[in-house]
Amino acid sequence: MTATSMRTDRAGDLRAGDVDRAVALCGWVAGRRDHGGVVFLDLRDAGGVVQVVVDPDAATGLDAHTIRAEYVLRVEGTVRHRPEGSTNPDLATGAVEVAARTVELLNRAEPPPIPIGERVEADEVLRLRYRYLDLRSERLQRNLRLRARVNHALRASLDEQGFVEVETPMLIASTPEGARDFVVPSRRHPGSFYALPQSPQLLKQLLMVGGIDRYYQIARCLRDEDLRADRQFEFMQLDAEMSFADGDDVMAVIGDAVRAAVVAATGREAPPIGRLTWQEARDRFGTDKPDLRVLLEIVDVHEVLAATAFRAFQAEAVRGLCVPGGAELGRGRLDALIERAKGLGAAGLVWMRVRDGAELDSPVARHLTDDERLGIIDAFGAQPGDLLLLVAGALGTVASVLGALRVEVAHPVDPPDLALAWLVDFPLFEGLDDDGHPIAAHHPFTAPHPADRDLLEHATGADLLAVRSRSYDLVLNGWEMGSGSVRIHDPDLQARVLAVLGIDESRARERFGFLLDAFGYGAPPHAGFAVGIDRLVAILAGEDNIREVIAFPKTQSGTDPLTGAPSGIDARQLRDLGLSVIRRT
Ligand code: ASP
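Residues numbered from 1 in each chain as written. Predicted model: local features only at pLDDT ≥ 70, side-chain atom pairs only at ≥ 80, totals over all residues. Heavy atoms only, no water.

Observations regarding the sheet that holds strand β5 (residues 96-107)
Within a beta sheet, neighbouring strands are joined by backbone hydrogen bonds and run either parallel or antiparallel to one another. One closed barrel accounts for five strands, arranged β1-β2-β3-β5-β4; its pairing is mixed. Shown here is a sheet whose adjacent strand axes are inclined to one another by a mean of 55 degrees, direction ignored. In this structure, strand β1 (residues 22-35) lies alongside strand β2 (residues 38-45), joined through seven bridges in antiparallel fashion. Pairing of Trp28 across the sheet is with Arg44, part of β2. (Pairing = 2+ DSSP bridges. Helix = DSSP H or I, 4+ residues; strand = E, 2+ residues; numbered from the N terminus. Axes fitted to C-alpha atoms, helices over the stretch in contact; angles between N-to-C directions.)

Written as structure tokens, this is what we have:
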């Protein structure tokens, strides 16, 4: 399947079973070793690398000594076993080599400005500027191929489950996903702008009103947000929506698709996907995206210390972690943990080494009563040799600090396995805005939890923050893989939620009146989800940064050193668009 009119095989595909075959290969020179007479070339193509031996006595069409790195060659020759002692078990083709009969120069190459295949992080801008060279590295080749398999598996799974792939436009009106829009000025309507989609959210809901029943798309989404290791301006989502269905249906469909992607990427069976409520996740793991490969759980010791005389523990929350065997940690490491906890926002961190006879070795031990000491050891189920780490303070801070420490103090997971979980029953709102209105945690079309409808009707201000939603997230190894929800399809309920959010009718009409109109024409109950493909692929590829699984990513500051984006446009384009640029000084 990989043969063309120019080659019989891919270099990297050759194995011992190919010995004695006459082959024609095309590729780049990944390395060259001149051993006096004989020249050894590493020929690289999309399949990998194979060693080519060019014997000057053999008639070849080119002086092998003039060949340089990254020259493009076509080699004809015969596959043979490598001589005893020179096989390379680290290379897939390491048992064989190709004895060249002819070497044809297809193209010369400038000396590469970046080492191909070697990573020096400081080189990031340079590497992105020559991304096409970095793409030749084994790592990016492997990642992009893995990504293609993941996309294929996701598509195949949804196709099989009766979903219809529908493409939605890139030039749309703003969508309410909560980030800044990228906008595109309209030439035909000067002063008006399109927004690039933050997601196809409203359009997929319209597709449900339109009777498509089950929609999906591998959709490009754009959000003008600060970039991080798991965030680029543009990202791909497996976006899906289904009618006459609820959250369980969506979780089943998406769970199947993601598990198929895991199999396609890793060749291993995907683990089952557990389920946790948001509250449980906050209590046990201190975060709504817990890394469930880490077994440590947060323990609440507030009750044990309810009457404590020790001031530092007289707080809204006192919780902690028990690190098995952690009593061995030295003072240096413990001081570093205290600094880390402070950096995360805690007032401090209390450590306690558990000793034989239920003794606690801790700077605060003398402030605690015997009952308190025993109560703490008991609450953690701690054994001699364990280390306890306690944080006291406001509940939210205590949870988030311990949530972060929990992962940092755990032993690295080896081999890295996959822990998938659904998080359900999120709050409908996350905090209040400056006007005292709650802020939608997901988006304004997410249905409230049926048990909290009354609360939604009658509560005001901060009391509204207790309303739960019918939304759900998928979490993988501590990363949020995506989110979704059951949507509101009842116009009255939608009007109520918008009112609570402080979006008055005229603003609602202006922003998404078309959706509200559509809901007046028989919207089916519907629910959906979007999976972040870049993150999923990064984790499956074992990468920490999604840049490593994107062909042409942007730098941390949002530039593209390769094409020069973003760049100015000329005066005529500006005039056509009715724009003038105000330079900020
Ligand atoms: N549109 C949402 C998002 O991009 C996902 C969804 O609710 O389907 O996060």
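Concerning the packing of aromatic side chains
Inspection of every chain in the model, using the stated rule, returns seven aromatic pairs. With a centroid separation of 5.4 Å and an interplanar angle of 80 degrees, the aromatic rings of Trp422 and Phe529 are classed as edge-to-face. Residue Trp422 is found in strand β17 (residues 420-424), and its partner Phe529 is found in strand β22 (residues 526-532); the two are separated by 107 residues along the sequence. A single burial state applies to Trp422 and to Phe529, both of which are buried. When the ring of Tyr472 is compared with that of Phe529, the centres are 5.9 Å apart and the planes differ by 10 degrees; the resulting orientation is stacked. Of the two residues, Tyr472 sits in strand β20 (residues 471-476) while Phe529 sits in strand β22, which places them 57 residues apart along the sequence. Of the residues examined, Phe529 reaches a relative accessible area of 0% and is grouped as buried. (Phe/Tyr/Trp six-rings, centres within 6.5 Å; stacked < 30°, edge-to-face > 60°. Buried < 20%, exposed > 50% of the residue type's maximum accessible area, 1.4 Å probe, protein only.)

Remarks on the nonpolar core
Counting residues in each nonpolar core, the largest one holds 67 residues, and the members touching the most others are Val150, Leu238, Leu456, Tyr472 and Leu536. Contact partners of Leu456, with chain neighbours within four places excluded, come to Leu428, Phe429, Pro448, Leu464, Val467, Leu493, Arg496, Val497 and Val500. (Core = buried A, V, L, I, M, F, W, Y, C linked by side-chain atoms within 4.5 Å. Contact = heavy atoms within 4.5 Å.)

Some words on the side chain of His442
Relative to the helices and strands, His442 resides in the loop between β19 (438-440) and α10 (453-458). Apart from the residues within four sequence positions on either side, His442 is in contact with Ser471, Ser483, Gly484, Ser485 and Arg487.

Digging into the pairing of strand β3 (residues 48-54)
Buried residues dominate β3, accounting for five of its seven residues. What sits between the antiparallel neighbours β2 and β3 is a turn of two residues. By the bridge criterion, two bridges tie β3 to β5 in an arrangement that is parallel. Residue pairing for β5: Val52 is matched across the bridge by Val98.

Some thoughts on unusual backbone geometry
Of note, the amide linkage connecting Ala565 to Pro566 takes the cis form, showing an omega dihedral of -5 degrees. Take Pro566: it is sitting in the loop between α13 (533-541) and α14 (571-577). In this structure, Asp20 takes a positive phi of about 80 degrees despite not being glycine. Along the chain, Asp20 falls in the segment before β1. Taking relative accessible area as the criterion, Asp20 reaches 65% and is therefore assigned exposed. The phi torsion at Asn477 lies on the positive side, around 50 degrees, for a residue other than glycine. Here Asn477 lies in the loop between β20 and β21 (479-486). Classification of Asn477 as buried rests on a relative accessible area of 9%.

The analysis is restricted to geometry; functional conclusions fall outside its scope.
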